[in-house]
Amino acid sequence: MTATPTVNITRPMPAPRARVFRAFTTAEDLRGWFAPFPFTAPEAKVDPREGGAFEVCMAAPDGTRFWTRGTIASIVADSALTLDLAAHDAAGKKLFGALTTAVFSEAPMGSMLTVTQSYTPEPDCPPAVFAGAEIGWQTVLTQLTALVMRG
């Protein structure tokens, strides 16, 4: 691959930025939204501090499980979060690294969330893996919106 794929999405959130930030930093909340539809996130672990663990299991409709694991590279409460992650296939083989930054800001009627994710593919990672990245993030953020609307 010659270019590093990147996704950059800004979306209004119908909740205070502290609530949206909490959705990124609590395992219970992550299980409710951090997997692209129709996948689910049956397991999650987060230690909301710099250097803390960040892990989410994504389960396909057929039950196949994929893990995203890494650490919190930086964290500013209610404002910004950077995750240094790696995605693994069902056999546990690393497919790619993903540096993910979420910025939370005030906005009318709630808050604004900007997510930027840059990928570093492993040498044998098929480029098709990234073809649905932006659509996947859109479905994830739709689920996040529903979660924060519930409170």
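Structure: above.
Here the structure is a predicted model, which is why all the values come from computation and not from measurement.

*Asks:* If you had to explain the nonpolar core to someone new, which residues and values would you point to?
*Replies:* In terms of nonpolar packing, the biggest core is built from 39 residues, with F24, W33, F54, L113, W137 and L144 touching the most fellow members. Of all the secondary-structure elements, those providing two or more residues to this core are β1 (6–13), α1 (17–25), β2 (40–46), β3 (53–59), β5 (80–88), β6 (94–107), β7 (110–121) and α3 (133–149). The element contributing the most residues to this core is α3, with 7 residues. Contacts of W33, omitting those with residues within four sequence positions, involve A23, F24, W137, V140, Q143, L144 and L147.

*Asks:* How would you summarise the packing of aromatic side chains if you had to cite specific residues and measurements?
*Replies:* Inspection of every chain in the model, using the stated rule, returns 10 aromatic pairs. Centre to centre, the rings of F34 and W137 are 6.0 Å apart; their planes meet at 90 degrees, and the pair counts as edge-to-face. Here F34 is found in the loop between α2 (27–31) and β2, whereas its partner W137 is found in helix α3, with 103 residues between them in sequence. W137 carries the same exposure label as F34, and that label is buried. Relative to F66, the ring of F39 has its centre 6.1 Å away and its plane inclined at 55 degrees; by these criteria the two rings are tilted. On the criterion of sequence distance, the pair formed by F39 in the loop between α2 and β2 and F66 in strand β4 (residues 65–76) is long-range, its members being 27 residues apart. With relative accessibility at 26%, the residue F66 sits in the partly exposed group. The rings of F21, F24, W33, F34, F54, F104 and W137 are connected pair by pair, giving a single aromatic cluster. Across from the ring centre of W67, 4.2 Å away, lies the NZ or CZ of R69, which sits over that ring.

*Asks:* Requested: an account of the pattern of salt bridges, with residues and values cited.
*Replies:* With the rule as written, the count across this model stands at 7 salt bridges. Among the salt bridges present, the one from R69 reaches E55, with a minimum N-O distance of 3.9 Å. Of this pair, R69 sits in strand β4 while E55 sits in strand β3, placing them 14 residues apart in sequence. The exposure class assigned to R69 is partly exposed, which follows from its relative accessible area of 35%. Among the ionic pairs, E122 bridges to K94, the shortest N-O distance being 3.6 Å.

*Asks:* Got a sec to walk through the layout of surface pockets? Specific residues and values, please.
*Replies:* Counted as a void, the largest pocket has a volume near 610 Å³. P36, M58, T68, A87 and F96 are, among the 24 residues lining the largest pocket, the residues nearest its centre. Going through the elements one at a time, β4, β5, β6, β7 and α3 are the ones with two or more residues in the lining of the largest pocket. Here the residues of the lining of the largest pocket are counted per class, giving 19 nonpolar, 5 polar and no charged.

So, how was this worked out
Residues numbered from 1 in each chain as written. Predicted model: local features only at pLDDT ≥ 70, side-chain atom pairs only at ≥ 80, totals over all residues. Heavy atoms only, no water. Core = buried A, V, L, I, M, F, W, Y, C linked by side-chain atoms within 4.5 Å. Buried < 20%, exposed > 50% of the residue type's maximum accessible area, 1.4 Å probe, protein only. Helix = DSSP H or I, 4+ residues; strand = E, 2+ residues; numbered from the N terminus. Contact = heavy atoms within 4.5 Å. Phe/Tyr/Trp six-rings, centres within 6.5 Å; stacked < 30°, edge-to-face > 60°. Lys NZ or Arg CZ within 6 Å of the ring centre and 35° of its normal. Salt bridge = Lys/Arg side-chain N within 4 Å of Asp/Glu carboxyl O. 1 Å grid on protein atoms, 1.4 Å probe; cavity = no way out; pocket = protein on both sides within 12 Å on 5 of 7 lines; lining within 4 Å. Points joined across faces, edges and corners; volume = space filled by probe spheres on them. Nonpolar A, V, L, I, M, F, W, Y, C, P; charged D, E, K, R; others polar.

What is shown is where atoms sit, not what they do.
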